Amino acid sequence: MTILRVGVLALQGNVREHLMALRGCGAEASTVRTPAELDAVDALVLPGGESTTMSRLLQVFNLEMPLRERLAAGMPTLSTCAGLILMSREVLDGRSDQISLRILDVSVRRNGYGRQIESFEADVPVTLLGVAPFRAVFIRAPLIEHVGPDAEVIATFGSNAVAVAQGPHLGLCFHPEMTNDARLHQVFLERAASALEVNAA
Ligand code: GLN
C-alpha cells in the first residue's frame, strides 16, 4: 500500500510545529503554499492563525478554488482554531468577505471566548483518545455555538463542544501542536489513511 502524504497549509501560523508533530508520528509531511503542492498531498492540516488573513492569503496564492475542489473530492483535514473557522459551515462575527469552506457542520463565533479568557489551557477529555485528557491550549479561540447532525462532538469544555469529527475531518478549537502530545495528529493520520485506504506511515 502507498503511504499517506500530508500537507500543512503554510500561509500563516504554527506550520513548523504541525510538521514536527506529524513527522514524529512517522508521517510524510510537507508544506502547502501552491496549487501544485496541494496536488501532491492526500490530506491537509489547516493551522491556527488569523482566519481573515488566511482567507485573503488563500485567494492571493490561488489556493481557494483548488482547495474547494479537493475538499469536495473528500480530502481529509485536521483544522485547528483559525483553520476550524475556515472549515465551518457558518462563521459568526467574521468579516463579511472571509472565506467559509462550509465542510464542517458547525457554527463558530470568532473570538467567542471573549476578552477575559482570550487565552487559556484546560485538560479536556477527548472521546477518540480514551481516558487520559488532552491538554488543550486555546488562543483567541472560536466558540462552537451549534453542532449540526453531520458532525460528532468529540470533546467539550463547559457546555460547549471544542472538538468535532466528521467523516475524515477533525476540527479543533485549540492548538494540539503546542503541546508534546501528538495523539490527535496520530488519530487524524489513522482516520485519513483509512478513509483513503492507504498507510498512515
Ligand atoms: N481569532 C482567530 C481568528 O479569528 C483565531 C485564533 C487562532 O487561530 N489561534 O482567526
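The structure presented is a predicted model; accordingly, all values stated were derived computationally and were not measured.

*Asks:* For this particular structure, what's the right way to read the nonpolar core?
*Replies:* Taken as a class, soluble globular proteins show a tendency for nonpolar side chains to be buried jointly. Among the nonpolar cores identified, the biggest contains 70 residues, and Leu9, Leu22, Phe138, Phe174, Phe188 and Leu189 are the most heavily contacted of them. It is helix α6 (residues 183–196) that contributes the most residues to this core, six residues altogether. Apart from the residues within four sequence positions on either side, Leu22 is in contact with Val6, Val8, Ala27, Ala29, Val45, His185, Phe188 and Leu189.

*Asks:* What am I meant to see in the sheet that holds strand β10 (residues 152–157) here?
*Replies:* As a general point, the strands of a sheet are linked pairwise by backbone hydrogen bonds and lie either parallel or antiparallel. Within the open sheet, the seven strands sit side by side as β2-β1-β3-β4-β12-β11-β10. Their pairing is mixed. The open sheet has two free edges, formed respectively by β2 (28–32) and β10, since each of these has just one partner strand. Adjacent strand axes in the sheet meet at a mean angle of 20 degrees when their direction is disregarded. Sheet topology places strand β11 (residues 160–166) next to strand β12 (residues 169–172); four bridges connect them, and they run antiparallel.

*Asks:* Would you mind going over the pairing of strand β4 (residues 77–80) with me for this structure?
*Replies:* Here is the key point about a regular strand: its side chains alternate between the two faces of the sheet. Burial of the side chains of β4 extends over both faces: Thr77 and Ser79 are buried on one face and Leu78 and Thr80 on the other. Here four bridges tie β4 to β12, and the two strands are oriented parallel to one another. The residue bridging Leu78 from the neighbouring strand is Leu170, located in β12.

*Asks:* Explain the sheet that holds strand β5 (residues 88–92) to me, please; I cannot follow it from the model alone.
*Replies:* With respect to topology, three strands assemble into an open sheet ordered β5-β6-β9, the strand pairing being mixed. The open sheet is flanked by β5 and β9 (143–147), the only strands paired with a single partner. On average, each strand axis in the sheet is inclined to that of its neighbour by 25 degrees, with strand direction left out of account. Of the strand pairs in this sheet, strand β6 (residues 104–109) and β9 are connected by four bridges, and their pairing is antiparallel. Paired with Arg109 across the bridge in β9 is Leu143.

*Asks:* Explanation requested: the site of the ligand in the structure shown.
*Replies:* For the ligand, the full set of nearby residues is Gly48, Gly49, Glu50, Ser51, Cys81, Ala82, Ile85, Arg110, Asn111, Ile139, Arg140 and His175. At 2.4 Å from an oxygen atom of the ligand is found a main-chain nitrogen or oxygen belonging to Ser51. Arg110 is positioned with one of its side-chain polar atoms (N or O) 2.6 Å from an oxygen atom of the ligand. When isolated, the ligand has an accessible area of 300 Å², and the protein chains bury 98% of it. Taken together, the residues that form the shell around the ligand break down as four nonpolar, five polar and three charged.

*Asks:* Just to check I follow, could you spell out the pattern of salt bridges for this structure?
*Replies:* Think of it this way: side chains of opposite charge can pair up when their charged atoms draw near. For the structure on display, the rule yields eleven salt bridges. The closest approach of N and O atoms between Arg95 and Asp97, which form a salt bridge, is 2.8 Å. We note a salt bridge from Glu145 to Arg109, for which the minimum N-O separation is 2.6 Å. Separated by 36 residues along the polypeptide, Glu145 in strand β9 and Arg109 in strand β6 bring together distant segments of the chain. In this structure Arg109 comes out as partly exposed when scored by relative accessible area, which is 25%. One network of salt bridges, in which partners are shared, links Glu50, Arg110 and Arg140.

Calculation rules
Residues numbered from 1 in each chain as written. Predicted model: local features only at pLDDT ≥ 70, side-chain atom pairs only at ≥ 80, totals over all residues. Heavy atoms only, no water. Core = buried A, V, L, I, M, F, W, Y, C linked by side-chain atoms within 4.5 Å. Buried < 20%, exposed > 50% of the residue type's maximum accessible area, 1.4 Å probe, protein only. Helix = DSSP H or I, 4+ residues; strand = E, 2+ residues; numbered from the N terminus. Contact = heavy atoms within 4.5 Å. Pairing = 2+ DSSP bridges. Axes fitted to C-alpha atoms, helices over the stretch in contact; angles between N-to-C directions. Near = heavy atom within 4 Å. Polar contact = N/O pair within 3.5 Å; in protein donor to acceptor, adjacent residues only side chain to side chain. Areas by Shrake-Rupley, 256 points an atom, 1.4 Å probe, with all protein chains shown as cover. Nonpolar A, V, L, I, M, F, W, Y, C, P; charged D, E, K, R; others polar. Salt bridge = Lys/Arg side-chain N within 4 Å of Asp/Glu carboxyl O.

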